[in-house]
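# Close look at the chain arrangement
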Amino acid sequence: MTRPRIGVLALQGDVREHLAALGSVGADALAVRRPAELESCDGLVIPGGESTTMAKLARTFDLFEPLQKRIAGGMPALGTCAGMILLADRVEDGTADQETLGGLDITVRRNAFGRQVDSFEGNVDFTGLDTPVHGIFIRAPWVEATGPDVEVLARVGGGEAVGRIVAVRQGPLMATSFHPEVGGDVRVHRLFRDLVAERATEGKS
Ligand code: GLN
């Protein structure tokens, strides 16, 4: 498949940047606000924003269960920052009523890097990419624990949070703590596009 159709969950958050990044790596990118739009996608990006708000809006827009079904059915998904939280099976420091879509066998800690370092940038080595990614972290979560089928793709390379897990993959699901859609480096999107294209082709053979 040369041009997989990849949606960006467009309830809240930095949707436009993801649509642009996906377009530039040769995906047919569309904003997803309705179940029918979700149904038409080969893969989905869940952007950064605010995970509790996004979960509530997904309920309001009747997307919560369709999203869970597609994810459980093997649709590739890339969650960034709040999107990582939404894909996580378990959340630490969430709100009392925080819901996630789940799918990734990880425990994430929300706003993990603390108040002093609310937002920061740093280079992270990323499995599958030959040079580090410049990671932009904005009130980011980190991955506190991973299940046996989860591959760690990136860890913080230095500073107080050195070694913390900031990117993972489990089958068709990927997630990053940072914002790969900001800054013009589209290599993470290309990896995801390739993953979607591969799965979409398999599904049709
Ligand atoms: N702290 C936010 C949350 O809990 C995530 C921040 C982001 O996506 N930039 O949802």
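It should be noted that the structure appears before, not after, this text.
Now for a quick tour of the structure. (Residues numbered from 1 in each chain as written. Predicted model: local features only at pLDDT ≥ 70, side-chain atom pairs only at ≥ 80, totals over all residues. Heavy atoms only, no water.)

## Remarks on the pattern of salt bridges
Applying the stated criterion to the full structure yields twelve salt bridges. Across the pair Arg5 and Asp28 runs a salt bridge whose closest N-O atoms are separated by 3.2 Å. Here Asp28 lies in strand S2 (residues 28-32) and Arg5 lies in strand S1 (residues 5-9), a separation of 23 residues in the sequence. Close ionic contact of Asp185 with Arg187 constitutes a salt bridge, the shortest N to O distance being 2.9 Å. Residue class for Asp185 comes out partly exposed when judged on its relative accessible area of 26%. Through salt bridges with shared partners, one network takes in Asp93, Arg109, Glu144 and Arg164. (Salt bridge = Lys/Arg side-chain N within 4 Å of Asp/Glu carboxyl O. Helix = DSSP H or I, 4+ residues; strand = E, 2+ residues; numbered from the N terminus. Buried < 20%, exposed > 50% of the residue type's maximum accessible area, 1.4 Å probe, protein only.)

## Points about the side chain of His179
Among the secondary structure elements, His179 is positioned in the loop between strand S12 (173-176) and helix H6 (187-204). Residue His179 is classed as buried on the basis of its relative accessible area of 6%. Ignoring any residue separated from it by four or fewer positions in sequence, one finds His179 in contact with Asp14, Gly48, Cys81, Ile136 and Ile138. (Contact = heavy atoms within 4.5 Å.)

## Some thoughts on the nonpolar core
Inside soluble globular proteins, nonpolar side chains tend to come together where they are buried. Grouped together as the largest cluster of nonpolar side chains are 33 residues, with contacts concentrated most on Leu9, Ile46, Leu67, Ile106 and Val168. Those elements that place two or more of their residues in this core are S2, strand S3 (43-46), helix H3 (51-60), helix H4 (64-72), helix H5 (82-87), strand S6 (104-109), strand S11 (165-170) and S12. Ranked by the residues each element gives to this core, the list is headed by H5, at five residues. Setting aside chain neighbours within four positions, we find Leu9 in contact with Val15, Val32, Leu44, Val45, Ile46, Pro47, Met54, Leu63 and Leu67. Of all hydrophobic cores here, the second largest spans 30 residues; its members include Val15, Ala154, Val188 and Phe192. (Core = buried A, V, L, I, M, F, W, Y, C linked by side-chain atoms within 4.5 Å.)

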